[in-house]
Amino acid sequence: MAYFTQQLINAITLGAIYGLIAIGYTMVYGIIGMINFAHGEVFMIGAFISLIGFMICSMLGIGSAPVAIVLVLLIAMAFSSVYGWAVERAAYRPLRGSFRLAPLISAIGVSIALQNYVQLVQGARPKPGGQIVSGGFNLFSLDGFDVRVSWLQIIIVLVTIVLMGGFTWLIARTSLGRRQRACEQDMKMAALLGVDVDRTISLTFVLGAALAAVAGTLFLMYYGVIDFFIGFLAGIKAFTAAVLGGIGSLPGAMLGGLLIGVIEVFWAAYFSSEYKDVAAFGILVLVLIFRPTGLLGKPEIEKV
Amino acid sequence: MRDPRLPNMPGTSMLKDAALTALVAAALGIFIVGFRTVDVGSRTGLAFDYHFADLGVAIVVIFLGRLGLSLAAMGLRWPAIALGVAMIAAGASPMKLPSGFLHWFVALGGVLLVIRAVWPWADQAIHAAARTPTGRVVDKIGTEWVGRGLGWVLLGLAVVMPFTPFADQKTMDLGVLILTYVMLGWGLNIVVGLAGLLDLGYVAFYAVGAYAYALLSTQHGLGFWAVLPLAGMFAATFGILLGFPVLRLRGDYLAIVTLGFGEIIRLVIINWYDFTNGPAGIGSIPGPTLFGAVFAETAPAGGQTVSEMLGIPFHGIHRLIFLYYIILLLALVTNIFTQRMRRLPVGRAWEALREDETACKALGINPTNTKLTAFAVGAMFAGFAGSFFAAKQRFISPESFTFIESAIILSIVVLGGMGSQIGVVLAAVLLIGLPEWFRELGNYRMLAFGLAMVLIMVYRPRGLIGHREPSIRLHPVASGGSG
Amino acid sequence: MNGQAAPLIEVEHLTMRFGGLVAIDDVSFIGLPHAITAIIGPNGAGKTTVFNCITGFYKPTVGRLLMRGDREYLLERMLGHEIGQRARVARTFQNIRLFPAMSVLENLLVAQHNKLMVASGYSVFGLLGLRRYRDSEAAAIALARSWLERIDLVAAADRPAGQLPYGAQRRLEIARAMCTEPRLLCLDEPAAGLNPRESSELNQLLVSIRDRDGIGVLLIEHDMSVVMNISDHVVVLDYGRKIAEGAPAAVQRDPAVIRAYLGTDDTGPSDSSPPLGGEAR
């Protein structure tokens, strides 16, 4: 029981990170119906910017961890957003109305290019990030097994909850959210009604990238080490989360993220850690076959 | 002088636009490029190596490049060309830039700018020429030539290559490598180019073929020629097993599932020690034999070497030449098979599915089965190529079957022009051959592949060779009846 | 009209709901062989949804779709492609769906896919280049050619279908549907976007399909001149319900039909029908 609780805590932490990335996939899919393969790389770049940000903070002598974390989060969100924006502007926008596979192929191109760009300028070796927040407390002990919650885990879950709340508010209550939902429903009609579709799509990418950057910061803090390749696996898992939750659905992305976190952690804890990534892929395939609309998604009506 | 239809942008807004682009570039680069993290010792972790000079130069280049593109878009051809030439000169000059890469960056930017500036001009000239009667004939011959003639010329070159003076160890190695990718490209072209299914895990089937040969030969003593068809069958079976559940999904789901499947196969190979020997890989894989004779200096007990059989002195290159002809043959089989399939109902149904799946359903075509055949046939050729790879390398490990390989094959297909056979050859020579000749650029190869995929989708989505010859004609073409 | 023949297709109590939206509400009608049955109605009446149910793109919520051929088929129980393959129902689309990069001839050969697949021994005989396959391919080309003659596109046979002018694409789509050798042809607004000359050529083509090929035609059409000139029987839908049915001249005089078409123009919505915006696009 204690072991189970401990794994559950770990799973929720990991799930929060996947959920944040998954939102970017789900939003972009909702609005323009494409899988943004490069989204995982934006997450990776967010993690790198965070690493560099933390190093700059320590050089500037910012000793307080909360200040450093907030600063780094803001920097990572701001500068990763530029990546999200630039990718959409340069690689996807010119392809609207091109043939079916064009945006997908372009997205894969962007993904490969970004990965290798970071590898070239930052090197291929894993980068240790050091420990920014340490310590924690014992939740309870059972049969000589301590169930621990680290401060870091609390920070990760809190940051995720705050961002999710803010984000849900943004989509439900602001004019940006309304424009976005209008574009999801019918892009042509939205344009006729005076919605600036290009701008709305750009903003969607910017928001998705900002959340992915937060995930990058949290990932760096949680694992303490990153490399140029982390976007690939995390991206696939987050995409799985988005599909599992129901692609296009924001609460679905969060739920899916949590479930993927749970599955991965428990698989590793109870079966084998070698095959934990296989488990994630296996679930993706199973969900797509048996319930392609995911848990919270709406069935898609084929338009003929 | 200027074409009035072109956009007219005042100089200030052009500058503003270029400045904005430079600003975006600065924001993109400031952390990732400006602060390079490097290892120092074990305890202290990381330190910075600052690269602001590189970043500065890159931003200036981007500013000028964007300005040049605006000029070109406005039809101000000469200023744009002058700017491009100046950039090429700066890149080629011995001027001290912070890094060697920047020389390439500046020069390449200049080349692209000049191409962009000259493009409408060249395009116009070609179109004007095509309107004259002689032009029409030339155009027709040109299309025909690319369609048929060029293929034969390339085939002829490929056949005689080993007997030319260039055929040293290095060139033959490169030839085998390029042909392997040509074959893989042709195989993937069935799936992506003809059937329009984006398969991002193609390398998985290559791996199945390679491990099939490696295991059957090292553990059961089967020869290359016996395993070859089996390997194709295994790979095709994997294709069907994977394809059956996922091929009814939307195209982009298929892409990510195949991507996942490619990784699953690799992870299984890494982790299933008993069967695959894990990350250490499998060694001492026997090479292919020629009528039972081996390519080696001394024959195994009861065997015969090829040099003994032919009565020629042993030379290491013989093995390479033999491998070269095997892969040439396999690639040709792939090509001919594909060409025939394209003219059969199933091949036409592949292309029809690529064009419009809904219409296919309305015509009574079973989309899942049709996709499945494309997927299985594509997988089969990857399986053949995989066993060839194992026989050539004599050692395989999971490292050879990463996503990067799938990405390289896909970019060959995309660059060549989806569905074009000759395009794949040109793209393979370009993408595999060039980086081998320019070793120093090797590190930038994948970066360039990624960027190339984007640029092709944006500017030339039909690839280098975009011409599609109908699979059948009601009215035979007047000029050539050889077809 | 051939009154005593058994109906080719019987649509019974067809209902289609999308979530809470009732796109078709208990619609029944029949389509006879050797006859053109027109389905008309204002925008959003659910006409295309009826087609999508018949051709298997939607599974009807309630209802029976009985198609008579070599045997009786219940279309609502069949997969989309089986309806074309076995029940032999062919259709065209409101927004033309050709295979644009493929040549005109190839479009017509793809339509004969199932027949040719069998003849090519599921590609085996074809790969071997056997006589048997070559003969049936020649027969398929002959059929395609005869249709190209009928729609006057022989000269364009080797051009990409996407490069044809609009009217030619419409005709080609009909010819492609006919190359599947259907028993029932469903045409979704075939006259949309045609000029008067093309429209009258289309009328002749449809009449010849009925009289020469002897199959049943279901026709969704807005162009009343087409409907009144060539249809044998007219079904009128409004807000997903059938409001009238009968011979063209009779339907034209039906007060319910006049109200459905003109009522909204003159006096605003006079009846209390629920406002359905729900024609599937």
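Residues numbered from 1 in each chain as written. Chains lettered and ligands numbered in written order. Predicted model: local features only at pLDDT ≥ 70, side-chain atom pairs only at ≥ 80, totals over all residues.

1. Points about the overall build of chain A
- For chain A, the count of helices and strands is 11 helices and four strands.
- In terms of overall dimensions, chain A is globule-like: its C-alpha atoms have a radius of gyration of 19 Å, near the 19 Å expected for 304 residues.
- Expressed as a percentage of its 304 residues, the buried residues of chain A come to 51%.
- Considering only contacts in chain A between residues 6 or more positions apart, those separated by 24 or more positions represent 75%. (Helix = DSSP H or I, 4+ residues; strand = E, 2+ residues; numbered from the N terminus. Rg over C-alpha atoms; globule rule 2.2 N^0.38 Å. Buried ≥ 20, exposed ≤ 12 C-beta atoms within 10 Å, placed from the backbone. Contact = placed C-beta atoms within 7 Å.)

2. Regarding the interface of chain A and chain B
- Facing 51 residues of chain A, the contacting portion of chain B comprises 46 residues.
- Breaking the side of chain A that touches chain B down by element, the ones donating at least two residues are α2 (39–59), α3 (65–92), α4 (102–122), β1 (127–128), α9 (230–245) and α11 (276–290) of chain A.
- Its residues assigned to classes, the side of chain A that touches chain B comprises 40 nonpolar, six polar and five charged. (Nonpolar A, V, L, I, M, F, W, Y, C, P; charged D, E, K, R; others polar.)

3. Some points on the sheet that holds strand β3 (residues 36–40) of chain C
All names here are of chain C.
- Spatial ordering of the open sheet is given by β6-β7-β8-β3-β9-β10, a layout of six strands whose pairing is mixed. A single partner strand is all that each edge strand has here, and the edge strands are β6 (89–91) and β10 (241–246). Averaged over all pairs of adjacent strands, the angle between strand axes in this sheet comes to 20°, irrespective of strand direction.
- Contacts from helix α1 (residues 47–54) reach β3, β6, β7 (184–188), β8 (216–220) and β9 (233–238) within the one sheet, and its direction differs from that of β7 by about 145°.
- Against the sheet, helix α8 (residues 196–211) engages β3, β7 and β8, with an angle of about 150° to β8. (Pairing = 2+ DSSP bridges. Axes fitted to C-alpha atoms, helices over the stretch in contact; angles between N-to-C directions.)

4. Some remarks on the pairing of β9(C)
Residue and element names in this part refer to chain C.
- Of all six residues making up β9, five are buried, and the element is well covered by its neighbours.
- As judged from the four bridges shared by β3 and β9, these two strands associate in the parallel manner. In the strand pairing of β9, Ile 39 is matched with Val 235.
- As judged from the five bridges shared by β9 and β10, these two strands associate in the antiparallel manner. Across the sheet, the residue bridging to Val 235 is Glu 245, located in β10.
- In this antiparallel pair of consecutive strands, β9 and β10, the connection spans two residues, and Tyr 239 shows a positive phi of 50°.

5. Details of the sheet that holds strand β1 (residues 9–18) of chain C
Residues and elements named next belong to chain C.
- Taken in spatial order, the four strands make up an open sheet running β2-β1-β4-β5, and their pairing is antiparallel. For this open sheet the edge positions go to β2 (21–31) and β5 (72–74), each flanked by a neighbour on one side alone. The sheet shows a mean angle of 20° between the axes of neighbouring strands, direction not considered.
- Both β1 and strand β4 (residues 62–68) contribute to a ladder of five bridges, which runs antiparallel. Looking across to β4, one finds that Ile 9 is bridged to Met 67.

6. Some words on the domain arrangement of chain C
Residue and element names in this part refer to chain C.
- Assigned domains of chain C: these are domain 1 (1–88 + 182–259) and domain 2 (91–180).
- In this structure, domain 1 and domain 2 have C-alpha centres spaced 25 Å apart.
- Taken together, the contacts link 18 residues of domain 1 with 15 residues of domain 2.
- Of all the elements in the fold, those that place two or more residues in the side of domain 1 that touches domain 2 are α1, α2 (80–87), β7 and α8.
- Looking at the side of domain 1 that touches domain 2 element by element, the count peaks at four residues for β7.
- Residues belonging to the side of domain 1 that touches domain 2 are distributed by class as follows: 10 nonpolar, five polar and three charged. (Domains from an automatic or database assignment.)

7. A word on the nonpolar core
- Among the nonpolar cores identified, the biggest contains 328 residues, and Val214(A), Tyr206(B) and Ile327(B) are the most heavily contacted of them.
- Filtering out sequence-adjacent residues up to four positions away, Tyr206(B) remains in contact with Leu184(B), Ala382(B), Ala385(B), Gly386(B), Phe389(B) and Phe401(B). (Core = buried A, V, L, I, M, F, W, Y, C linked by C-beta atoms within 7 Å.)

8. Things to note about the packing of helix α5 (residues 151–173) of chain A against helix α6 (residues 175–185) of chain A
Residues and elements named next belong to chain A.
- With their axes 5 Å apart at the nearest point, α5 and α6 run at an angle of 70° to one another. The pairing of α5 with α6 is recorded here as roughly perpendicular in orientation. The residues of α6 that touch α5, namely those facing Leu 170, Ile 171, Ala 172 and Arg 173, are Leu 176, Gly 177 and Gln 180. (Parallel < 35°, antiparallel > 145°, perpendicular 65-115°, else oblique.)

9. Some details on helix α3 (residues 77–92) of chain B
Residues and elements named next belong to chain B.
- With 16 residues, α3 ought to run about 22 Å at 1.5 Å a step, and its terminal C-alpha atoms sit 22 Å apart, in line with that.
- Within α3, burial applies to Ala 80, Ile 81, Leu 83, Gly 84, Met 87 and Gly 91. Around the axis of α3, the buried residues are gathered within 160° of arc, so they sit on the same side. (Expected span 1.5 Å × (residues − 1). Arc of directions from axis to C-beta.)

10. Comments concerning helix α16 (residues 403–416) of chain B
Residues and elements named next belong to chain B.
- Here α16 spans 20 Å end to end across 14 residues, near enough to the 20 Å set by a 1.5 Å rise per residue.
- Burial analysis of α16 places 12 of its 14 residues in the buried class, the great majority of the element.
- Those residues of α16 not exposed but buried are Phe 403, Ser 406, Ala 407, Ile 408, Ile 409, Leu 410, Ser 411, Ile 412, Val 413, Val 414, Leu 415 and Gly 416.
- Count one or two residues on from α16 and you reach Gly 417, which has phi positive near 105°.

11. Section: the pairing of β3(C)
Residue and element names in this part refer to chain C.
- Within β3, five of the five residues are buried, which leaves the element mostly enclosed by the surrounding structure.
- Because side chains alternate across β3, one face comprises the buried residues Ile 36, Ala 38 and Ile 40, and the other comprises Thr 37 and Ile 39, equally buried.
- Bridge analysis of β3 against β8 gives four bridges, and the strand direction is parallel. Residue Ala 38 lies in a different strand from β8, and its bridge partner there is Leu 219.

12. Comments concerning the environment of Ala226(B)
All names here are of chain B.
- Mapped onto the elements, Ala 226 comes out in helix α8 (residues 224–246).
- Owing to 14 C-beta atoms within 10 Å, Ala 226 belongs among the partly exposed residues under this scheme.
- The sequence separation of Ala 226 and Leu 216 amounts to 10 residues, and the corresponding C-alpha distance is 9.7 Å.

13. Side note on the confidence of the model for chain C
All names here are of chain C.
- The predicted model of chain C averages 83 in pLDDT, with 91% of residues at 70 or higher.
- By mean pLDDT, helix α11 (residues 255–266) is the weakest element of chain C at 70, and helix α3 (residues 104–110) is the strongest at 93.
- Segment residues 265–281 is flagged for pLDDT under 50; beyond a separation of four residues in sequence, or across chains, it makes 28 contacts in the model.
- At the level of chain-chain contacts, confidence expressed as ipTM amounts to 0.88, with global pTM at 0.84. (pLDDT = per-residue confidence, 0-100.)

14. Focus on the packing of helix α6 (residues 169–194) of chain B against helix α15 (residues 367–393) of chain B
All names here are of chain B.
- At a closest axis distance of 8 Å, the pairing of α6 and α15 adopts a crossing angle of 165°. Judged by the angle between their axes, α6 and α15 are roughly antiparallel. Crossing angle aside, the handedness with which α6 passes α15 is left-handed. Residues Val 176, Thr 180, Met 183, Leu 184, Trp 186, Gly 187, Leu 188, Ile 190, Val 191 and Leu 194 of α6 form the contact with α15, whose own contacting residues are Ala 374, Phe 375, Val 377, Gly 378, Phe 381, Ala 382, Ala 385, Phe 388, Phe 389 and Lys 392. (Left-handed = near helix turned anticlockwise from the far one by under 90°.)

15. Considering unusual backbone geometry
Residue and element names in this part refer to chain C.
- In this structure, Glu 181 is a non-glycine residue whose phi angle is positive, near 55°.
- The residue Glu 181 is located in the loop between α7 (166–179) and β7 in this model.
- Positive phi values are uncommon outside glycine, yet Tyr 239 reaches one of about 50°.
- The topology assignment puts Tyr 239 in the loop between β9 and β10.
- On the basis of neighbour count, Tyr 239 is assigned to the buried category, with 22 C-beta atoms found within 10 Å.

16. A closer look at the environment of Ala86(B)
All names here are of chain B.
- With respect to the helices and strands, Ala 86 occurs in helix α3.
- Judged by C-beta crowding, with 15 C-beta atoms within 10 Å, Ala 86 ranks as partly exposed.
- The sequence separation of Ala 86 and Gly 110 amounts to 24 residues, and the corresponding C-alpha distance is 7.4 Å.

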